Amino acid sequence: MNQPMKLSLEQEFSLRIVADQVHQISREQAQIFLLKLYEQMMIQETSYQELVKYEWKLDSGSISG
C-alpha cells in the first residue's frame, strides 16, 4: 500500500504560518484567497501537463517507433 506524501519540516512551518494568517482575515478576504489559490492550482496543473507532453514528445501528434 502506498503511504501518503508527507510535508517537509519547512512546509509544515509554512502551513502553520498561513493557518495563523487565515484565522485573522475576513470572510471576503478568505473567499478571494481561495479563488486565487484554485486558479494557481489550475495553472500548476496545466504547466505540469505541458511539461509532461514536452518531455514525452506527445505534442507531435504521432509516436515514433
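Everything in this summary refers to the structure shown in the same document.

Cut-off values and rules
Residue positions are counted from 1 within each chain, in the order its sequence is given. Confidence filtering applies because this is a predicted model: local features only for residues at pLDDT of at least 70, side-chain atom pairs given and counted only at 80 or more, and all residues used for totals across whole chains, interfaces and linings. Water and hydrogen atoms were dropped before computing side-chain values, which therefore reflect all heavy atoms in the structure. Secondary structure follows DSSP: runs of H or I at least 4 residues long count as helices, runs of E at least 2 residues long count as strands, and numbering of each begins at the N terminus. Type-normalised accessible area, obtained with a 1.4 Å probe on protein chains alone, sets the label of each residue: buried when under 20%, exposed when over 50%, and partly exposed for intermediate values. The accessible surface values rely on the Shrake-Rupley method and a 1.4 Å probe; as for residues, cover is taken only from the protein chains in view. Salt bridge, as used here, is a side-chain nitrogen of Lys or Arg placed within 4 Å of a carboxyl oxygen of Asp or Glu.

Turning our attention to the overall build of the protein. On a plain count of helices and strands, the protein comes out with two helices and zero strands. Relative to its 65 residues, the protein shows a buried fraction of 2%. Only carbon and sulfur atoms are counted for the fraction: they give 60% of the accessible area of the protein, which is about 6,900 Å².

All right, on to the pattern of salt bridges then. Applying the stated criterion across every chain yields a total of two salt bridges. Of the charged contacts in the structure, one is a salt bridge between D20 and R16, with a shortest N-O distance of 3.5 Å. Taken together, the positions of D20 and R16, both in helix α1 (residues 9–22) and four residues apart, correspond to about one turn of that helix. A salt bridge links E50 to K53, with the nearest nitrogen and oxygen atoms 3.6 Å apart. One end of the pair is E50 and the other is K53, both in helix α2 (residues 27–55) and three residues apart, which spans about a single turn. Using a relative accessible area of 38% as the deciding quantity, one classes E50 as partly exposed. Overall, the relative accessible area of 33% leaves K53 in the partly exposed class.

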